[in-house]
Structures are given as C-alpha cells and as structure tokens.
Amino acid sequence: MNDGLLLQGVAASYGRRQILADISCPPLPRGEVTAVLGPNGCGKSTLLKTLAGLLPLHGSVTLDGQALGALPLEARARHVVYLPQSLPPALHLRVVESVMVAANATGLGLASRHATADIDHLLARLGITALAMRYLDELSGGQKQLVGLAQALVRQPDILLLDEPLSALDLNHQCHVMQLVAEETRRRRMVTLVVLHDLNIALHHCHRALLLKDGAVLACGQPAAVITPASLASVYGVQSRVEACSHGRLNVLIDGVIA
Amino acid sequence: MRAGQASMAGYAPAYQALQWQRLLWLALWAGVIVLSLLADFTLGPAALSLGELWQALWQQGDVTNHIIVWDIRLPYALMAVLVGMALGLAGAETQTVLHNPLASPFTLGLDQAAALGASLAIVLQAGLPGVSGPWMVSANAFVFAMGSALLLDAVARRARLSGNGVVLLGIATVFSFNALVSLLQFVASPEALQSMVFWTMGSLSRANWPVLGLVAAALLLVLPLSLRSAWRLTALRLGEDRAQSFGIDVRRLRLASLLRVSLLTGLAVAFAGTIGFIGLIAPHIARRLFGEDHRFYLPASMLIGGAVLSWASLASKNLLPGVIIPVGVVTALVGIPFFVSVVFRHGERA
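Since this is a predicted model, take the numbers as computed values, not measurements.

**So, the overall build of chain A**
Along its length, chain A carries nine helices and 12 strands. Relative to its length of 259 residues, chain A is compact, with a C-alpha radius of gyration of 18 Å against a globular reference of 18 Å. For chain A, the residues scored as buried account for 54% of the 259 residues in total. Considering only contacts within chain A whose residues lie at least 6 apart along the sequence, 66% involve residues at least 24 apart.

**Remarks on the interface of chain B and chain A**
On the chain A side, the residues contacting the 36 residues of chain B number 51 residues. The junction of chain B with chain A conceals about 3,700 Å² of combined surface from both sides, 64% of it contributed by carbon and sulfur atoms. In this assembly, chain B and chain A are joined by two salt bridges. Between B:Arg22 and A:Glu97 there is a salt bridge, and its shortest N-O distance comes to 2.5 Å. Linking chain B with chain A are nine residue pairs in polar contact (both at pLDDT 80 or more), by the criterion used here. Those elements giving two or more residues to the side of chain B that touches chain A turn out to be α1 (3-6), α2 (12-42), α10 (230-236), α11 (240-245), α13 (278-290) and α15 (327-349) of chain B.

**Here we look at the pairing of strand β7 (residues 159-162) of chain A**
Residues and elements named next belong to chain A. Of the two faces of β7, the one lined by Ile-159 and Leu-161 and the one lined by Leu-160 and Leu-162 are each fully buried. Here four bridges tie strand β6 (residues 80-83) to β7, and the two strands are oriented parallel to one another. What sits directly across from Tyr-82, in β7, is Leu-161. Here four bridges tie β7 to strand β8 (residues 191-195), and the two strands are oriented parallel to one another. Bridged to Leu-160 within β8 is Thr-192. Taking the sense of rotation as the criterion, the β-α-β connection linking β7, helix α6 (residues 171-188) and β8 turns out right-handed.

**A look at the sheet that holds strand β5 (residues 66-67) of chain A**
All names here are of chain A. Ordered by their spatial adjacency, four strands build an open sheet running β2-β1-β4-β5, and the pairing between neighbours is antiparallel. The strands lining the two open edges of the sheet, one partner per strand, are β2 (17-28) and β5. Here six bridges tie strand β1 (residues 5-14) to β2, and the two strands are oriented antiparallel to one another. Looking at the pairing, Leu-7 lines up with Cys-25 of β2. Strands in contact with helix α1 (residues 44-52) are β1, β2 and β4 (58-63); relative to β1, the strand with the most contacts, it is inclined by about 110°.

**Section: the nonpolar core**
In terms of nonpolar packing, the biggest core is built from 159 residues, with A:Leu37, A:Leu136, A:Leu196, B:Trp199 and B:Ile275 touching the most fellow members. One finds A:Leu47, A:Leu57, A:Val61 and A:Tyr82 within the second-largest nonpolar core, a separate group that totals 29 residues.

**Remarks on the layout of surface pockets**
A volume near 1,300 Å³ is recorded for the largest pocket. Lining of the largest pocket is provided by 42 residues; of these, B:Arg160, B:Glu240, B:Gln244, B:Val250 and B:Arg251 occupy positions nearest its centre. Contributions of two or more residues to the lining of the largest pocket are made by β1 and α2 (73-76) of chain A together with α6 (135-158), α7 (163-187), α9 (209-228), α11 and α12 (250-272) of chain B. Considered class by class, the residues forming the lining of the largest pocket number 16 nonpolar, 11 polar and 15 charged.

**Quick notes on the packing of aromatic side chains**
Residue and element names in this part refer to chain B. Enumeration over the complete set of coordinates arrives at three aromatic pairs over all chains. The interplanar angle of 40° and the centroid separation of 5.9 Å between the aromatic rings of Trp-70 and Trp-209 together place this pair among those described as tilted. With Trp-70 in helix α4 (residues 63-98) and Trp-209 in helix α9, this pair connects stretches of sequence that are 139 residues apart. Given a relative accessible area of 38%, Trp-209 falls into the partly exposed group. Measuring from centroid to centroid gives 5.5 Å for Phe-106 and Phe-277, while their planes differ by 45°, and the two rings are tilted. One end of the pair, Phe-106, is in the loop between α4 and α5 (110-124); the other, Phe-277, is in the loop between α12 and α13, with 171 residues separating them in the sequence.

**Here we look at α6(A)**
An α-helix turns once per 3.6 residues; consequently, residues spaced three or four apart project the same way. All names here are of chain A. End to end, α6 covers 26 Å across 18 residues, agreeing with the expected 26 Å (1.5 Å per residue, within 8%). Looking at where α6 begins, the residue whose side-chain oxygen comes 3.2 Å from the main-chain nitrogen of Asn-172 is Asp-170. Backbone geometry just downstream of α6 places Arg-189 in the positive-phi region, at approximately 55°.

Thresholds applied
- Residues numbered from 1 in each chain as written.
- Chains lettered and ligands numbered in written order.
- Predicted model: local features only at pLDDT ≥ 70, side-chain atom pairs only at ≥ 80, totals over all residues.
- Heavy atoms only, no water.
- Helix = DSSP H or I, 4+ residues; strand = E, 2+ residues; numbered from the N terminus.
- Rg over C-alpha atoms; globule rule 2.2 N^0.38 Å.
- Buried < 20%, exposed > 50% of the residue type's maximum accessible area, 1.4 Å probe, protein only.
- Contact = heavy atoms within 4.5 Å.
- Buried area = accessible area lost by both parts, 1.4 Å probe.
- Salt bridge = Lys/Arg side-chain N within 4 Å of Asp/Glu carboxyl O.
- Polar contact = N/O pair within 3.5 Å; in protein donor to acceptor, adjacent residues only side chain to side chain.
- Pairing = 2+ DSSP bridges.
- Right-handed = clockwise from strand over helix to strand, strands pointing away.
- Axes fitted to C-alpha atoms, helices over the stretch in contact; angles between N-to-C directions.
- Core = buried A, V, L, I, M, F, W, Y, C linked by side-chain atoms within 4.5 Å.
- 1 Å grid on protein atoms, 1.4 Å probe; cavity = no way out; pocket = protein on both sides within 12 Å on 5 of 7 lines; lining within 4 Å.
- Points joined across faces, edges and corners; volume = space filled by probe spheres on them.
- Nonpolar A, V, L, I, M, F, W, Y, C, P; charged D, E, K, R; others polar.
- Phe/Tyr/Trp six-rings, centres within 6.5 Å; stacked < 30°, edge-to-face > 60°.
- Expected span 1.5 Å × (residues − 1).

The analysis is restricted to geometry; functional conclusions fall outside its scope.
Here it is, written out as structure tokens:
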C-alpha cells in the first residue's frame, strides 16, 4: 500500500531564506516519471537537492514506507541519485571512467566484474558504447546527458532526480532522452522526478506533474489535470490553451502574457 | 548520439590497452627521473664522469669527489626530485578540490605563509618553543603553511565558499602575507635581509640527509592516502552536487586533501624555500597525458613534478658557468609563460 515516494510537509531553506514550505503530495508510484514544473526560482531544484540529501530536510520523505530523511548521506545515496543540469567544463575524463567512478565512488558492494558487465550493458542500452573511450569534454550536450544517465543508473537507484536534463538539447535529443528516462524508469521500477520547463514534454512523456509556485505545491496529479489554462495563468502569468492535436495528443498553446 | 547502437564493438580491449599504456607512461617518467638524477649527480661546477661518480659512490678514488657526491650532489639532486614530487602531488590535489586549473599551493598563499614564518625566524628570531638553530626557520615555515591551509579551510567552510571563492581568498592571503614579509624586510638588518631574499628565491642548497628522509617519509605517508581517495577525488571532478549525490562527504574529502597538501607544501617550502609553478605545471602535463582518472593522474603529477624540478635543478647549475642560480628563479622563468598559456587556453573555452 505504501509503494512509492511520499512527501509530507517537506520544507527547505538556504540559511534564513525559506525556499520550500510544506510540500506534500499523493504517493509517486514506482515505474512512473513525474515532471516538476514551475517558474524560475520557485524551488524545483531545491526540492530535488533536498530529497537527495544535499540540503537539510525538514518534514517526512518515505520510500515504500521507509523514512529516507533519517538516513546518513552515504546510505541515502544507495537509494537516491541526483543529476545536476551540467558537468563542469574542461573535464578530461573518459566516458567509461566517469561511469566507473559513479559505481566506485562509495561502497555500493558491486564486485568489479559485475560492475563492468553492468556498465557494458548500460552503455549499450543507452546507445553510447561507441563513446566509451571518448573524453567528456569532447561530447555534445545530448551525449553528456546520456552519460549522466549512465552514471546515475549504474548506481541502481530507487529514486532518480534529474535537474533540467533537457536544457540546451535540440528537439530530437529531448525526445530521445525522455524516452530513455521513461523506459528505464519502468524497467527498473524507479521513482523519477524530472525538472522541466517544456510543458508539452511533460504532457507527452510524464505520468504525473507536480506544479510549484513560490515554494509550495499548486497542483499534483496527472499532467493533463495539472497543466490547465487556469494553473498556467496563476503560475506563469500567461494566457494559454490546452488542445488536442490531430493525433489526439494534448498540446499547450501560449497566446500571450496576462497584463 | 545513437552511433553506439550501430557499433557494438566492446570498448574493454581498448580500455585495457589504455591502462597498460598509462602504466608504461608512468614507468617512462620514472625512467626520466633516473636519467635526470644521473645527469644532476655528474654535472655541476666540478664535472664528474659516470666512472668517477661510480667510484665516489663506493668510497673509491678521490676523497674530494666522495665528499662532493655524498654531501652535495646526492642530497641536492635527490632533494630536487622529492620536493618536485611533493609539489606536483600537492598541486594536483589542490586543483581537484578547488575545481580550478590555476589553483596550486602557490596561488593559495601557502608558500607565502611559509615565507612569513621563515622571515619571522630570520629577522626577529621568533620561533616555536624548544626549536632553535637551523631548524627554527624550517619549523616556522612548516607551521605557518599548515596554519594558513587550516585557516583557509575554516573560513571557506564558515562562509560556504565555492572552489573559486577559495582561490580568491587564497590570492587575498598572498597579498597579505607579502605585505607582512615586506614589513619585516623593511626592519631587517642587512644580514637578515640577505638571508630572507635567498630563502624566498627558493634553493635546494639546504639539502641534507635528515631533511631528505623527512620529505621522503611525508611522501610515503601521503601518497597511499591520496590514492585511497582516488575514486572520490575523480568523482569530485564531476561536480560537487553530483559527488555528494554519490554519497561522498565533500567537505570532509576537501579538508583531508587540504591537510595532505599543506603537509607536503609546508615541508617542501620549509626546506627549499618558495619554489613556484611546479604545482601548476606538473598537474597540467599529467592531465594531458593521463586524463583525470586520479588513480593515474595523482602518481603522474607526482612523477612529472619530480622530473621538472630535477631539470630545473640541472639548469640552475649549468646555465651560468660556475654559478648556481636559485632554482626558484628557474621555475618562475619557465612557469610564468606556462601559467599565461593556461589562462589563454581556458579563456578561449569560457
């Protein structure tokens, strides 16, 4: 009954400045991708960092009924992986090594042979075997995102947190990355939260959406129920329509800003 | 992006070959150090042939040669290698934990802190209780370098500074310590002033066997600890948030690393004065040749640091006939253009 990730009264702050207040939502089930939406500065990244243990957590976060907040960083890292938006520049490290690092950085108990086989398999699944010997600083933005995904997946997490993985990617790569994220989430029965700005990507590729405004939850549920003209007017201050295209898929059309 | 789907040729053989190639490169650099040491043993104001060197080593032949080799040449040349190794390893760790390719113990102000400690001993005879004579200057330099690193870390933690913030703080401490050293120079006697200037230029002439033992022991202590952190340090290069998300206590990792850096730098500067740029040059060459897998990057930086300072030592003895130029002057002359080229290269990327 308690399957999935449950947030209750989650709060977070940077020093004295409160960023998140009383974030609660219905359980986010395993095998599903949740889009975290909202305008700049509303606390999307802070929420992900708090769940990953990078910021002090107030409130309750449970996975399948187990409290994550009480776990020390290393123990929590066995369940949760957070991938920031980008890698540092001028990183002269080979792709395969960067994935090995993720597996070996803290004792995951992966025997080296098992880890190597897992890395082989992962790179093949993500379609980046040919990049294995390339340096990270030679890759395109899309290729780096796939490598980041491999770094996260090799840790076999229960919760995958992706902070704006599609920023700076072209349309083709956006779709490709989101398809892979959805596939791996389903296959590995993970709970995945993805910070997104593109509402149509959220409508097409995510099972749920969590809409934040000023550090609080405005709506949480199925994307079509969350992404509505009324909620977009309230959160983004825009006039919009959500209409089905000729294939029956919902799309957000922005008509302008609300004066 | 999907090229890999077409090419499923495993990378394992290529990666294994790369590992062997890196081990070969490490052995090659060790060989370069041995050759450079041999040259450093034989070349100098009194040139010795390899045969004379061999005889002197085994206490045969000329007694003067025996003294030159055992009391001057061997300590001097070995000191160059050991101090270079210490500075190379310290530089590599500094650049990693501060995420800055221009960071080094020198740019963090550790050398200048040591210079201030040494100057206090030289000018005011102010030193640690119970330490006197020739050890006072070195002990002061070591304690000031270590204290400066700890202070820097404490301030950075309290103010929650990023890697670049720490570098800027380090630059501020460089200017502060330089001002204090200048003040001491202003009030120093002519003899003390001469001694200070010579010390701050960086020189290997204070090398002797007990000092060599101390620096070697520090390296033997630090290198295994550094290598034990190799995976974590490599993960840190992927970014602090990502490393922390992998379960790494970044603050503890950084503190442990800065302690190792200050031990190596403190000892190196305590006995050889301020020798700049080795901690900058060696990691850059290592990064280009070995990449940033710290299992290879750290030992490579160490070996390259040893080789570069050994070459600088050779140059310092042989550039001007009959004169030994302070080795710090040679490393600065080579290092400054290198530093500028690094700035330009990274400037292009920005």
